[in-house]
Amino acid sequence: MKNSRTFYKTIFLIITILMVSCEEKEYEFGDIVAPTNLQVTVDIQGLDTDNPYGDGTGKVSLTASASNAITYKFIYNGKEEMAPTGELTDSFSNEGINSYDVTVLAYGKAGASSSKTIQIEVFSEYVAPEDLLEMLYGDGEKTWRIKAESVGHFGVGPADGISADWWSAGAYDKAGLGAYDDRITFKSDGTVTYVTNETIYGQSGPLLADFGTSWDENSNGEYENYPVSDFTDTWSLTAPNDQETLTFDGNGFHGFYVGGDHSYQIISRTDTEMFIKTIGNDGLGWFGILTSEDEPTNEETTVDVTYSNLIWSDEFDTDGAPDSAKWTYDIGKGSDGWGNNESQYYTNRTDNVTISEGTLKITAKKESYEGSEYTSARMKTQDLFEFTHGRVDVRAKLPSGGGTWPALWMLGANFDTTGWPACGEIDIMEHVGNEEGTVHGSIHNTSSSGATVNTGEVTVSDATSEFHVYSVNWSEDEISFLVDDEIFYTYSPDTKDGDTWPFDADQFIIMNVAMGGNFGGAIDASFTEATMEVDYIRVYQ
């Protein structure tokens, strides 16, 4: 019993210590009193009897003081600025004489505050910096164009954004619509000449309202090659809220006509390039890239041989199953998951492959089927269409989701007799959902296969949300891989022999969406299905 009493005493002591240690601490703030006697003084730079609103710089210094204040906040012109010392200097840059409400909050202990609102009148006369003028018109005039070769030369996003978050045009995405041959020449006298080559491109509503000619509207509510002659306008530069802004006084625009007030924020600029934004009649932010650099020469943008004679195509315009005169299928799981440890079972069911609304749709699904957990489709032109040398263009939108592995590729027609990789493989496009935004183009042959060294990649940030044209240009001397007509990789071995160049013989075309495997990687546990859409495939010689 003695030991028991000692045990209970020990437990009581521990509990007491724990209770004491867990007691909440009480913090003393003392008397919580909001700051009083808040005063705000204003010093407008250059203010005197001759310049009652300042010297035109728009620069204003504000000083706040209050009894019992710890810090201050200034709220003005859409901004909120903390100022522990109560001092703030900023530019109020809206051009002309403008009135601004400035609210000052003084904070004391425990966040107690008091506030005061004053009104100031400031004159701002914008003087464009010399480097901006040099960029715009140089020694007297400079000609600009839409940078069609650049991804994002047109785009749309939120009106208050600084990037085209919702859509960006691929390189030369709008070729032939009346935009890319426009030239805009800015002159030092404040005029601008717009050379349209008699046609422009833009939204139908603003074009009809501003130019008055009715035209055939495309499915996107746009007028293509809309008839507008060359015109002259005037331009001006301002910097509201310190944002450099280029304004056309008439109907000047950035290559895609959206109406609005024809004012373009210069989001960023270099000596030869402007990334700009305007608010269209639709209230959206429309972005563009203008450049003063010369258009790239054919040598810089074209391949070694140009193939222009269309010899075979599928436009996928007829709903239902793909044309059996053009396409056949691989069915099943293949050997070792088609040699790549892939997880899908290929079928030719309409659940996995069909044409609707003008596009071919190859859909990978998570479902239990013939002993596999996933199904998909792999279609090919083997024994139906095979060719040697030429160009293949495939306009496609890729599936998303971890583990997806879509591919547009070609295989040597002698595959059944020669085997792989001796037959040669040309991967026009491969993409993996675990590395979304990166597109690969590769060559497989006896000299390098599997994890081949003959490969290139390019960033296509919206590959799963927008259509792009994936191409290969295959000549007797080299094989070039392109996205939206821009080369990102060329295979041209110094020595061409059976190991490095089995590419002077027929190949056939394959399109598929694999799941997992050596390249596709881990499949997202939440994956249910994903679709690759193909608008067309065209072969030229």
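Here the structure is a predicted model, which is why all the values come from computation and not from measurement.

Cut-off values and rules
Residues numbered from 1 in each chain as written. Predicted model: local features only at pLDDT ≥ 70, side-chain atom pairs only at ≥ 80, totals over all residues. Heavy atoms only, no water. Helix = DSSP H or I, 4+ residues; strand = E, 2+ residues; numbered from the N terminus. Contact = heavy atoms within 4.5 Å. Areas by Shrake-Rupley, 256 points an atom, 1.4 Å probe, with all protein chains shown as cover. Pairing = 2+ DSSP bridges. Axes fitted to C-alpha atoms, helices over the stretch in contact; angles between N-to-C directions. Phe/Tyr/Trp six-rings, centres within 6.5 Å; stacked < 30°, edge-to-face > 60°. Buried < 20%, exposed > 50% of the residue type's maximum accessible area, 1.4 Å probe, protein only. Core = buried A, V, L, I, M, F, W, Y, C linked by side-chain atoms within 4.5 Å. pLDDT = per-residue confidence, 0-100. Arc of directions from axis to C-beta.

Within the protein chain one finds 7 helices and 36 strands. Overall, the C-alpha framework of the protein chain stretches about 105 × 95 × 45 Å when taken along its three principal axes. A separation threshold of at least 6 residues defines the contact pool for the protein chain, and within that pool the share at least 24 residues apart is 62%. Accessible area of the protein chain: about 25900 Å², with a carbon and sulfur share of 47%.

Attention shifts here to the sheet that holds strand 2 (residues 59–67). If you trace the 3 strands from one edge of the open sheet to the other, you get 1-2-5, paired in antiparallel fashion. Every interior strand has two partners, whereas the edge strands, strand 1 (36–44) and strand 5 (87–91), have only one. Averaged over neighbouring strand pairs, the angle between their axes works out to 20° when direction is ignored. The pairing of strand 1 with strand 2 spans 7 bridges and is antiparallel.

Let's shift gears to the packing of aromatic side chains. Scanning the entire structure with this criterion turns up 33 aromatic pairs. Geometrically, the ring pair formed by Phe211 and Tyr226 is edge-to-face, given 6.3 Å between the ring centres and 65° between the ring planes. With Phe211 in helix 3 (residues 204–211) and Tyr226 in strand 14 (residues 222–227), the pair connects residues that are 15 residues apart, well separated along the chain. According to the relative accessible area criterion, Phe211 is partly exposed, its value standing at 26%. Using a relative accessible area of 0% as the deciding quantity, one classes Tyr226 as buried. Ring geometry for Tyr491 versus Trp501: centroids 6.1 Å apart, planes at 15°, classification stacked. Taken as a pair, Tyr491 in strand 34 (residues 486–491) and Trp501 in the loop between strand 34 and strand 35 (507–515) lie far apart in primary sequence, 10 residues in all. In this structure, Tyr491 and Trp501 share a single accessibility class: buried.

This paragraph deals with the nonpolar core. With 48 residues, the main nonpolar core has Tyr470, Ile479 and Met511 as its most contacted residues. Per-element tally for this core: the top contributor is strand 36 (residues 529–540), with 5 residues. Non-local contacts of Met511, meaning those with residues more than four positions away in its chain, are made with Phe316, Trp327, Leu360, Ile362, Ala377, Arg378, Met379, Ala407, Leu408, Met532 and Val534. With 43 residues, the next largest nonpolar core counts Leu133, Tyr180, Val228 and Met274 among its residues.

Let us now look at the sheet that holds strand 4 (residues 79–83). With antiparallel pairing, 4 strands are arranged side by side in an open sheet as 4-3-6-7. Each end of this open sheet is capped by a strand with a single partner; those strands are strand 4 and strand 7 (113–124). Across this sheet, the average inter-strand angle for adjacent strands is 20°, counted without regard to direction. Sheet topology places strand 3 (residues 71–76) next to strand 4; 5 bridges connect them, and they run antiparallel. In the strand pairing of strand 4, Ile75 is matched with Glu80.

Here Gly358 shows up in the loop between strand 23 (353–356) and strand 24 (359–369). Separated by 176 residues in sequence, Gly358 and Val534 place their C-alpha atoms 8.8 Å apart. Apart from the residues lying within four places of it in its own chain, the contact partners of Gly358 are Glu315, Phe316, Asp319 and Asp535.

Attention now goes to unusual backbone geometry. Following Trp420, the chain continues into Pro421 via a peptide bond in cis, with omega recorded as 5°. Summarising the element assignment, Pro421 is placed in the loop between helix 6 (415–418) and strand 29 (425–431). Residues other than glycine seldom take positive phi values, yet Glu198 does so here, at roughly 80°. Positioned with a positive phi, Asn341 is a non-glycine residue whose angle comes to about 60°. Its place among the elements puts Asn341 in helix 5 (residues 337–341).

This brings us to the confidence of the model for the protein chain. When pLDDT is averaged along the protein chain, the result is 90, and 94% of the positions lie at 70 or above. Averaged pLDDT values over the elements of the protein chain bottom out at 41 in helix 1 (residues 2–21) and peak at 98 in strand 23. Long-range and interchain partners of residues 1–27, a stretch whose pLDDT sits below 50, account for 0 contacts in this model, where long-range means more than four residues apart.

In this structure, Thr71 sits in strand 3. In contact with Thr71, other than residues within four places in its own chain, are Met82, Ala83, Pro84, Leu105, Ala106 and Tyr107.

The next thing to look at is helix 2 (residues 130–137). Note that an α-helix has 3.6 residues per turn; residues three or four places apart therefore point the same way. Along helix 2, the residues classified as buried are Leu132, Leu133, Met135, Leu136 and Tyr137. Down the axis of helix 2, the sector holding all buried residues measures 160°, keeping them to one side. Buried positions along helix 2 lie against strand 8 (141–146), strand 11 (183–187), strand 15 (231–238), strand 16 (245–248), strand 17 (263–269) and strand 18 (273–279). A positive backbone phi angle near 60° is found at Gly138, which sits one or two residues after helix 2.

Within helix 3, burial applies to Ser204, Pro206 and Leu207. Looking down the long axis of helix 3, one finds its buried residues gathered within 170° of arc, a one-sided arrangement. Structurally, helix 3 contributes buried residues whose contacts are with strand 13 (199–203) and strand 14. A positive backbone phi angle near 85° is found at Gly212, which sits one or two residues after helix 3.

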